[in-house]
Amino acid sequence: MESRRPMDGLASGLMLVLCLIWAMQQIVLKATATDFAPMFQIAVRSAVAGVLLGLFMAWRGERPDGILRLWRPGLLAGTLYALEFVLVGESLRHTSAGHVMVLLYTAPIFAALGLHWKLPDERLAAVQWLGVALAFGGVALAFLWRDDGARAAGAAMLWGDLLALLGGAAWGATTVVVRVTRMAALPASQTLMYQLVVGAAWLLAVSFLMGQTDVRMTPTVWTSLAFQTVFVAFFSYLAWFWLLRKYLASRLGVFSFLTPLFGVVLGAWLLDEPLGAGFLGGTLLVVAGVVLLSGYGWYRQWRGRRT
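So, here's what we can say about the structure. (Residues numbered from 1 in each chain as written. Predicted model: local features only at pLDDT ≥ 70, side-chain atom pairs only at ≥ 80, totals over all residues. Heavy atoms only, no water.)

The next point concerns the overall build of the protein chain. A tally of regular secondary structure across the protein chain gives 14 helices and zero strands. Its helices and strands taken in sequence order, the protein chain reads α-α-α-α-α-α-α-α-α-α-α-α-α-α from the N to the C terminus. Across the 307 residues of the protein chain, 56% fall into the buried class. For the protein chain, contacts bridging at least 24 residues in sequence account for 88% of all contacts bridging at least 6. Total accessible area computed for the protein chain in this model is approximately 13400 Å², and 70% of it derives from carbon and sulfur atoms. (Helix = DSSP H or I, 4+ residues; strand = E, 2+ residues; numbered from the N terminus. Buried < 20%, exposed > 50% of the residue type's maximum accessible area, 1.4 Å probe, protein only. Contact = heavy atoms within 4.5 Å. Areas by Shrake-Rupley, 256 points an atom, 1.4 Å probe, with all protein chains shown as cover.)

This is the structure in structure tokens:
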């Protein structure tokens, strides 16, 4: 398995763009939820993005040999992808986009724990374990300190928050599968194809089983679907899996703290979502934990250069 590089300017700039895109996806899904159920919208975007990716691979003359050869880990990764978005789609029906954003982006914590167990070059240092503790402390604070708005929403919002957290765990598990199996050697496009095709099949089936297939195509819904398909499911995920092949996953995670911050601000600005003290405090702890966890590698790299 080829060694991964520490972060450089290209990876940093690309991760900043991805964080902005991922922050907007939950906002857009929440804003159009009454006209297009989030789970069904994610299923449709995955299917259409799969077609776009197939055309992209054909244009590049890329042979899909790995897709056929590594179907077992690919099926597992695609199923975890689907599980993540089943949980996200349901959570958006019960809680705010800002809550979903913060709890979903605990994924680097879950990924780091799994990679610590499986890969020697991803072992966690003591300060990184402190980051893990801070992040989960932030999650506990967000759950336990329910502000007036959250208490008024009752058990439904709490249930939505829990689903978002489980979605973060599923995303982290997907990252681990991609990194520790032979899928790590596949081109980013073939890794993504598994996510889109298998994920779309599962998500469409679950959407029909749960009766979440009603759609009212408004201009806003068309815009949302175009954004979700081209920028989120096609470009951003293709770029993410390319980064996973080239750079250390724990180093990439240092930028993920920007996504929940962007999401909280955009949710309050565009959707008028309340920002309670408990939720904000938990957000800051989660962000601090991710920074400690993922930024430690940068610190060691900088210190090594100094010495």
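This brings us to the packing of helix H6 (residues 107-118) against helix H9 (residues 155-180). Interhelical geometry of H6 versus H9 gives an angle of 35 degrees and a closest axis separation of 7 Å. The chirality of how H6 crosses H9 is right-handed. Taken together, the residues of H9 that come into contact with H6 (itself represented by Ala107, Phe110, Ala111, Gly114, Leu115 and Lys118) are Leu165, Gly168, Ala169, Trp171, Gly172, Thr175, Val176, Arg179 and Val180. (Axes fitted to C-alpha atoms, helices over the stretch in contact; angles between N-to-C directions. Left-handed = near helix turned anticlockwise from the far one by under 90°.)

Along the chain, Leu87 turns up in helix H4 (residues 71-91). Residue Leu87 is classed as buried on the basis of its relative accessible area, which comes to 13%. When the C-alpha atoms of Leu87 and Leu163 are compared, they prove to be 5.3 Å apart, with 76 residues separating the residues in sequence.

This part is about the side chain of Glu90. Tracing the backbone through its elements, the reader meets Glu90 in helix H4. The buried category is assigned to Glu90, whose relative accessible area is 12%. A polar contact of 3.0 Å, which involves the side chain of Glu90, links it to the side chain of Arg93. Beyond its immediate sequence surroundings of up to four residues, Glu90 is in contact with Met39, Leu163, Met210 and Gln212. (Polar contact = N/O pair within 3.5 Å; in protein donor to acceptor, adjacent residues only side chain to side chain.)

Further remarks concern the packing of aromatic side chains. Evaluation of the coordinates by the stated rule reveals 14 aromatic pairs. Consider the rings of Phe36 and Phe40, whose centres lie 5.7 Å apart with planes at 65 degrees: the pair is edge-to-face. Judged by its relative accessible area of 2%, Phe36 falls in the buried class. Given the relative accessible area of 11%, Phe40 is considered buried. Arranged with centres 6.2 Å apart and planes meeting at 75 degrees, the rings of Phe40 and Phe208 form a pair that is edge-to-face. (Phe/Tyr/Trp six-rings, centres within 6.5 Å; stacked < 30°, edge-to-face > 60°.)

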